[in-house]
Each structure stands twice: as structure tokens, then as C-alpha cells.
Amino acid sequence: MAKSVTYFAALKTAEQQLTATQQDPSAAQFLLLETQHWTFTQLVQHYRDSMPGDQLARYQQQVARVSAGEPAQYVLGHAPFYGREFAVNTATLIPRVETEELVDWVLTSQPTTARRVLDVGTGSGAIAVTLQAERTAWQVTGTDISAAAIAVAQRNAQTWAPAVTLAVGDLFAPVQGQRFDLVVSNPPYIDRTETAVMDASVKRYEPQTALFAAHHGLDFYQRFAAALPTVLTARGNFFAEIGYRQGSAVREIFQTVLPTAQVTIRQDLSGHDRMVRVELTE
């Protein structure tokens with residue numbers, strides 16, 4: 001008869017395995033909490049309980065995949081974002097806390113009344129679906145050049161905000177001729193020269209087209225700046241995530257192309273430049 005293993009023992013063994021393979025040991029707890037749908041307090045309450053054999057086997061398989069470099073969120077097939085669980089796979093980026101900060105900035109700075117909103121490069125739909133779920137009076141559309149990503153976004157919209165409209169195409173092509181009060185984006189912004197300092201799992205598993213951009217990572221901001229006057233309504237707003245070293249360059253792009261617009265660079269909770277807001281003036 002196999003010796004029983006407690007949740008605590010399974011967790012500590014997993015942490016040691018991840019440490020030995022130079023992976024983040026915190027993934028061990030993340031996998032356990034997400035799989036069991038527990039809070040940390042509930043985990044502590046179950047520390048000394050024996051882990052059923054089927055659960056232990058599944059957990060060990062998950063830990064082995066993360067030990068080999070696969071992100072825990074892809075192993076699970078979902079990731080938390082703004083209080084909700086979003087389906088993810090290798091067609092989409094893993095939603096991150098910095099993007100939650102962008103969403104929070106949008107929600108706290110915009111009126112709750114009816115707005116036409118566009119999320120460009122929606123990926124898993126994390127931004128578009130969250131905005132629609134949090135602001136039911138808004139009419140939210142999400143676009144992405146990847147049909148595979150839109151398929152994931154559709155799953156998430158079905159779960160959390162069925163009113164979201166989703167379309168496949170590059171930048172504003174799927175909504176040509178339409179105008180929006182608010183455009184939001186977490187575009188590709190990494191310069192290819194930064195590949196050497198990137199996390200290996202990001203380079204190996206996350207979609208390249210959602211990570212890298214030409215012109216030292218600034219290509220999409222240049223394209224946005226050129227298109228915003230024909231896409232935004234009068235006094236419309238544009239919000240986007242940016243690279244932590246791109247604040248000055250992004251500000252210059254928008255101020256040069258849109259000299260009458262108000263451009264604001266905002267830092268994330270770590271104190272790094274992370275977001276831009278462009279407000280058109282009449």
C-alpha cells in the first residue's frame with residue numbers, strides 16, 4: 001500500500017523540485033491553490049490532510065511540466081485577472097498584474113455611462129472582457145490579428161461578458177469606418193535586441209507576434225498615433241501599456257503627431273513607466 005502524502009509534504013517536495021530546476025518555487029503553491037480552488041488560508045487548514053492519489057499524480061505531472069520550463073498558467077489552462085479566471089493557451093499572452101493596473105486606470109478615469117470602447121490586440125480578451133463585465137453600459141469590441149487568440153477570447157467572453165464583440169484583423173482593419181470614445185491596447189512592445197535578457201519560458205511559450213515590435217519596440221505606438229484622429233471621437237481617449245524604458249519615446253511619438261493632445265505617462269506599482277494615456281482635444 002502506497003504511503004499517504006499530505007498536502008504540505010507534496011507542496012514542499014514540489015518547491016524543492018522547482019528550485020532544483022531553477023524555476024520559481026512559488027509556482028508550486030500557485031498550482032495547488034488553483035487546482036483545488038482554495039485560498040491560502042484553506043490550504044493551511046488542509047496542510048496535514050492526506051492528498052488523494054489521483055490529485056497527487058496530477059499535481060506531480062503539473063510540477064514536472066513547470067520544472068521543464070512551461071508557464072504554470074499554460075499548464076492549468078487559465079490565469080487570474082482582475083478577480084476572474086481567464087482561459088489561456090500558447091496563442092495568447094498570460095495576463096499580468098501590470099495590465100490589471102492599466103484596466104484599473106481606465107475604469108477609474110472614465111465615466112460609467114455609455115461608451116464605445118475598442119481593445120486592440122485583445123489576445124485572451126482579458127482587457128475587453130473585464131471592461132465589459134465591469135461597465136455593462138459600455139459597448140466593447142476586441143480585435144486581434146490572431147484567429148486562434150480570438151477563439152480563446154470568445155470562450156472568456158462567453159463566461160464573463162457575452163456582450164463583447166470580437167473580430168479578427170490587424171489593428172483597426174476589422175472596425176474600419178467606426179469611431180470609438182475609448183481605445184485601449186496592450187500591444188507588442190519588446191525590441192528584438194532585448195531577447196537575451198527575457199525570461200526563457202516567455203520566449204519559448206508565449207506568442208512572438210504579441211511580444212515583439214519593430215522600430216525598437218515602438219512600431220505600434222507610431223501606428224496608433226497616426227490613426228487615432230480617424231478612430232477616436234472628439235475628446236476621445238487612448239490608453240496603452242508600454243515598456244518600462246519607453247516612457248520618453250512614447251510621449252514624444254504622440255506629442256509630435258498629435259501636438260494638441262494631452263499625453264500622460266503613468267508608472268506601475270514598482271515605479272516603472274508602464275502606461276500611456278492620450279486625450280484628444282477639440
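The rules behind these values
Residues numbered from 1 in each chain as written. Predicted model: local features only at pLDDT ≥ 70, side-chain atom pairs only at ≥ 80, totals over all residues. Heavy atoms only, no water. Helix = DSSP H or I, 4+ residues; strand = E, 2+ residues; numbered from the N terminus. Contact = heavy atoms within 4.5 Å. Domains from an automatic or database assignment. Buried area = accessible area lost by both parts, 1.4 Å probe. Polar contact = N/O pair within 3.5 Å; in protein donor to acceptor, adjacent residues only side chain to side chain. Nonpolar A, V, L, I, M, F, W, Y, C, P; charged D, E, K, R; others polar. Buried < 20%, exposed > 50% of the residue type's maximum accessible area, 1.4 Å probe, protein only. Lys, Arg positive; Asp, Glu negative; His and termini not counted. Salt bridge = Lys/Arg side-chain N within 4 Å of Asp/Glu carboxyl O. Phe/Tyr/Trp six-rings, centres within 6.5 Å; stacked < 30°, edge-to-face > 60°.

### Concerning the environment of Pro-25
You can see Pro-25 is positioned in the loop between α1 (7-20) and α2 (26-36). Separated by 41 residues in sequence, Pro-25 and Val-66 have C-alpha atoms that sit 9.8 Å apart. Excluding anything up to four places from it in sequence, Pro-25 contacts Glu-15, Leu-18 and Thr-19.

### Topic: the domain arrangement of the protein chain
Split into domains, the protein chain comes out as domain 1 (7-76) and domain 2 (90-279). Contacts between domain 1 and domain 2 engage six residues on the former and nine residues on the latter. In this assembly, domain 1 packs against domain 2 so that about 560 Å² is buried in total across both faces, 64% of it on carbon and sulfur atoms. In this assembly, domain 1 and domain 2 are joined by one residue pair in polar contact (both at pLDDT 80 or more). When the residues that make up the side of domain 1 that touches domain 2 are grouped by side-chain class, the tally is three nonpolar, two polar and one charged.

### Quick look at the side chain of Asp-219
Take Asp-219: it is sitting in helix α11 (residues 219-231). One buried charged residue, Asp-219, forms no salt bridge at all, with the nearest opposite charge on Arg-223 at 4.3 Å. When sequence neighbours within four positions are dropped, the list of residues in contact with Asp-219 reads Ala-213 and Ala-214.

### Here we look at the packing of aromatic side chains
Within this structure, the stated rule accounts for seven aromatic pairs. On the basis of an interplanar angle of 70 degrees and a centroid distance of 4.9 Å, the ring pair of Phe-8 and Tyr-47 is categorised as edge-to-face. In this pair, Phe-8 is assigned in helix α1 and Tyr-47 in the loop between α3 (40-46) and α4 (53-67), connecting sequence segments 39 residues apart. Among the residues examined, Phe-8 registers a relative accessible area of 25% and is labelled partly exposed. Here Tyr-47 falls in the buried class, since its relative accessible area comes to 16%.

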